[in-house]
Amino acid sequence: MGAKKSMQLIGIVGWSGSGKTTLIAGLLPELIARGHTVSTLKHAHKNFDIDKPGKDSFRHREAGATEVMICTGSRWALMHELRDEGEVPLEQLVEKMTPVDILVVEGFKSHAHAKIEVYRKSVGKPLLQPADPHIIAVASDEPLPSVPVPVLDINDPASVARFILDHLNRQAA
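A.B. asks: What am I meant to see in the packing of aromatic side chains here?
C.D. replies: Aromatic rings considered in pairs are described by the distance between their centres and by the relative angle of their planes. Considering all chains together, one arrives at zero aromatic pairs under this definition. A cation over an aromatic ring shows up here: Lys-109 above the ring of Trp-15, its NZ or CZ 4.0 Å from the ring centre. Over the face of the ring belonging to Trp-15 we find Lys-125, whose NZ or CZ atom lies 5.1 Å from the ring centre.

Rendered as structure tokens:
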């Protein structure tokens, strides 16, 4: 078995409603167009479920299966029940991902990895950046002259993608 490809991580963090998912949806085609393979890992705070009561896979989990895999000719999904194990650390989740060039991580605000904060004053929440030394830039819809890291235009995913690639290239060097 060959060595596992090393993925570079970049985080996108911010308060709910700030536009993290919209920015990521714009970043993905930009990064892919530049020749990179990209995957995403999203943290959800709510008790979400991709399954539906009454479906066979739901019934399998309800009956006690630790993992249930669903597959079709076009995709597969693996659901792992944590039961009482607690939340899995980001590092362990990354290990489960198929290696790509760049893994974009949405959420995991308190984890120590390079992150871009998505900030909109209209959300009514404070900047995360002052309390997080791992935030390397802020993507915003307005100028933020007092922020000590680069401020990127949230509405220009191409420039945010360039910033990310420059940062990842510096880290790899």
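A.B. asks: So what exactly am I meant to see when it comes to the pattern of salt bridges here?
C.D. replies: Pairs can form between side chains of opposite charge whenever their charged atoms are close. For the structure shown, the criterion picks out four salt bridges. With a shortest N-O distance of 2.8 Å, Glu-30 and Arg-34 are connected by a salt bridge. We note a salt bridge from Asp-141 to Arg-120, for which the minimum N-O separation is 3.2 Å. Here Asp-141 is found in the loop between strand 7 (135-140) and strand 8 (151-153), whereas its partner Arg-120 is found in the loop between strand 6 (115-119) and strand 7, with 21 residues between them in sequence.

A.B. asks: What am I meant to see in the pairing of strand 4 (residues 76-80) here?
C.D. replies: Each regular strand carries side chains that alternate between the two faces of the sheet. The pairing of strand 3 (residues 67-71) with strand 4 spans five bridges and is antiparallel. Its bridge partner lying in strand 4, Val-68 is registered against Met-79. In this antiparallel pair of consecutive strands, strand 3 and strand 4, the connection spans four residues.

A.B. asks: I'm lost on the sheet that holds strand 8 in this one. Help?
C.D. replies: As a general point, the strands of a sheet are linked pairwise by backbone hydrogen bonds and lie either parallel or antiparallel. Spatially, six strands are ordered 2-5-1-6-7-8 in an open sheet, and the strand pairing comes out parallel. Only two strands of the sheet have a single neighbouring strand rather than two, namely strand 2 (38-42) and strand 8. For this sheet the average axis-to-axis angle between neighbouring strands, irrespective of direction, equals 25 degrees. Pairing between strand 6 and strand 7: five bridges, direction parallel. Each bridged residue has a counterpart across the sheet, and for Lys-115 the counterpart in strand 7 is Ile-135. With respect to the sheet, helix 1 (residues 20-33) is in contact with strand 1 (8-13), strand 2, strand 5 (102-106), strand 6 and strand 7, its orientation differing from that of strand 5 by roughly 175 degrees. Against the sheet, helix 4 (residues 157-172) engages strand 1, strand 5, strand 6, strand 7 and strand 8, with an angle of about 140 degrees to strand 1.

Calculation criteria
- Residues numbered from 1 in each chain as written.
- Predicted model: local features only at pLDDT ≥ 70, side-chain atom pairs only at ≥ 80, totals over all residues.
- Heavy atoms only, no water.
- Phe/Tyr/Trp six-rings, centres within 6.5 Å; stacked < 30°, edge-to-face > 60°.
- Lys NZ or Arg CZ within 6 Å of the ring centre and 35° of its normal.
- Salt bridge = Lys/Arg side-chain N within 4 Å of Asp/Glu carboxyl O.
- Helix = DSSP H or I, 4+ residues; strand = E, 2+ residues; numbered from the N terminus.
- Pairing = 2+ DSSP bridges.
- Axes fitted to C-alpha atoms, helices over the stretch in contact; angles between N-to-C directions.
- Contact = heavy atoms within 4.5 Å.

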